[in-house]
Amino acid sequence: MSTENKSGGNWVAIITMMFIYGMISFVTNLAAPMGKVWLLQKGIDGSNMLGMMGNMMNFAAYLFMGIPAGRMLTKCGYKKTAMIGIATGFVGVGIQFLSGKVPFAADGSAIIPFCVYLLGAFICGFAVCMLNMVVNPMLNLLGGGGNRGNQLNMIGTTFNSLAGTATPILVGALIGQITKETAVADVNLVLYIALTVFAAAFIILSFIPIANPEQGSTTEVIPVLAPLKFRHCLLGVIGIFMYVGIEIGIPATMDLWLSSANGPLMTSGNPDLVSNAAKIAGMAAGTYWFLMLVGRTIGAFIGGKISSRVLMSFTTFVAICLIIVGTQVTAVQAKMLVFTGSGFETVQVPLTALLFALCGLMTSIMWPSTFNLATEKLGKYTAAASGLFMVMVVGGGVLPLVQNAIADKCGHMVSYVIPVAALAYLFLYSAFLSKPPKNIDELVK
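Definitions and cut-offs
Residues numbered from 1 in each chain as written. Predicted model: local features only at pLDDT ≥ 70, side-chain atom pairs only at ≥ 80, totals over all residues. Heavy atoms only, no water. Helix = DSSP H or I, 4+ residues; strand = E, 2+ residues; numbered from the N terminus. Rg over C-alpha atoms; globule rule 2.2 N^0.38 Å. Buried < 20%, exposed > 50% of the residue type's maximum accessible area, 1.4 Å probe, protein only. Contact = heavy atoms within 4.5 Å. Salt bridge = Lys/Arg side-chain N within 4 Å of Asp/Glu carboxyl O. Polar contact = N/O pair within 3.5 Å; in protein donor to acceptor, adjacent residues only side chain to side chain. Patch = residues over 30% accessible without salt bridge, like charges linked within 9 Å, V, L, I, M, F, W, Y side chains within 5 Å. Areas by Shrake-Rupley, 256 points an atom, 1.4 Å probe, with all protein chains shown as cover.

Engineer: How would you explain the overall build of the protein if you had to name every residue and give the values?
Structural biologist: Per the secondary structure count, the protein includes 19 helices and 2 strands. Relative to the globule expectation of 22 Å for 445 residues, the C-alpha radius of gyration of the protein, 22 Å, shows essentially globular dimensions. Principal-axis analysis of the C-alpha atoms gives the protein an extent of 65 × 50 × 40 Å. Taking all 445 residues of the protein together, 56% fall into the buried category. Of the contacts made within the protein by residues no fewer than 6 positions apart, 81% connect residues no fewer than 24 positions apart.

Spelled out as structure tokens, the structure:
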């Protein structure tokens, strides 16, 4: 390992990886609001489920790439895997951009360009999966390990959250009001940003020598599914599937609901709300992600004082209450302080949107808490369990898709039965089902 890497002095590489950390969230959170671009086109015809298909394709990639990405990391090393991921992301975003250039069918159907867009979203999912594997250890390496490496990862998490916050806000601001004329070209600025960052990161990293972190030596190969023989791990892996579906489904469905033709903003009779429906919806969804950042910051301070089990039980219970109450107060208006990306602005929205956005505070700590509970005392099986967690991120595509299929049939508020049910599972897991077996120390030898 080079002295430069040990000292953490390679600031160009560090800043580049920070931007990549942000792009992981930027590209992931782009899939759901992009559904608004296609929603009223012929062939999609206002289907919330089809509007969520881009998000589904993005997360479906984890199902296929979660474990191979880990093997790629071992075979190719961190730098090469990162560069492959960046190049793949550039191709995926490029295909999404090209989907706006594909002509519609003679009858006006947008199905062909929509399918091209879905291909781009799927490829972006492969990229994000690979980058998720490398960004944490690379920042730790560039920081020289220890507290300095951990500090860089914490800063990277902030970039990640801010990018996730900005994405729905930016897409909503560019669209304004959703009409049949809304097209991919309306959000080209977002795609240009992604393409530029990916291209610059690839060029910069290609000139920077980065050694691989020391992995230690072991002769034992742990089978991929071996950790599932421990009940608390098996149920925790299912919990990760549930959690990512909750995290994505709450704000994404709220965004579609607020900006829909039959939604509370478009039917309000207020010209300002009607003309800015997509913008306000994106800002509300962005506030959810901003509150996740706030929650992560709070969690960093209290995580060492409150057990994951207690923290998880509390936040899942509160989130259930927020959603249930939120679905019952859609007619109640409220002033909501929303994060616009550059500051705060007060807008009039249903009280429901405020309560759903507050769920971001609760979901912010659920990933690390679930991980901690599921891997408690796993020892040598922890790495294999981490690979399974990466695969189960596919829940972020599956559950929102099911939720919006229900929204098409029964309405948006009824569809929130999906995140409520998933939260109930996580509550039961954290409160009663997450304790490792008493003889686990013997079992993991």
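Engineer: I'd like a description of the pattern of salt bridges, backed by residues and values.
Structural biologist: In this structure the tally under the stated criterion is 2 salt bridges. Taking the shortest distance from any N to any O, the salt bridge between Asp255 and Lys36 comes out at 2.9 Å. Here Asp255 is found in helix α9 (residues 231–259), whereas its partner Lys36 is found in helix α2 (residues 11–38), with 219 residues between them in sequence. Accessibility classification places Asp255 together with Lys36 in one group, the buried group. One salt bridge connects Glu376 with Arg309, and the closest N-O pair in it is separated by 3.4 Å. Of this pair, Glu376 sits in the loop between α14 (366–374) and α15 (382–392) while Arg309 sits in helix α12 (residues 308–328), and the two are 67 residues apart along the sequence.

Engineer: Go over the side chain of Ser109, please, and point to the residues and values.
Structural biologist: When you line up the elements, Ser109 lands in the loop between α5 (78–99) and α6 (111–142). Judged by relative accessible area, Ser109 falls into the buried class, the value being 13%. Here the side chain of Ser109 touches Ile111 through a polar contact of 3.3 Å, landing on its backbone nitrogen. Those residues in contact with Ser109, other than ones at most four positions away along the chain, are Lys42, Gly43 and Phe104.

Engineer: Please provide a residue-by-residue account of a nonpolar patch on the surface, values included.
Structural biologist: A contiguous nonpolar surface patch, about 320 Å² in accessible area, is contributed by Trp11, Ile15 and Phe19. Assignment of secondary structure puts Trp11 in helix α2.

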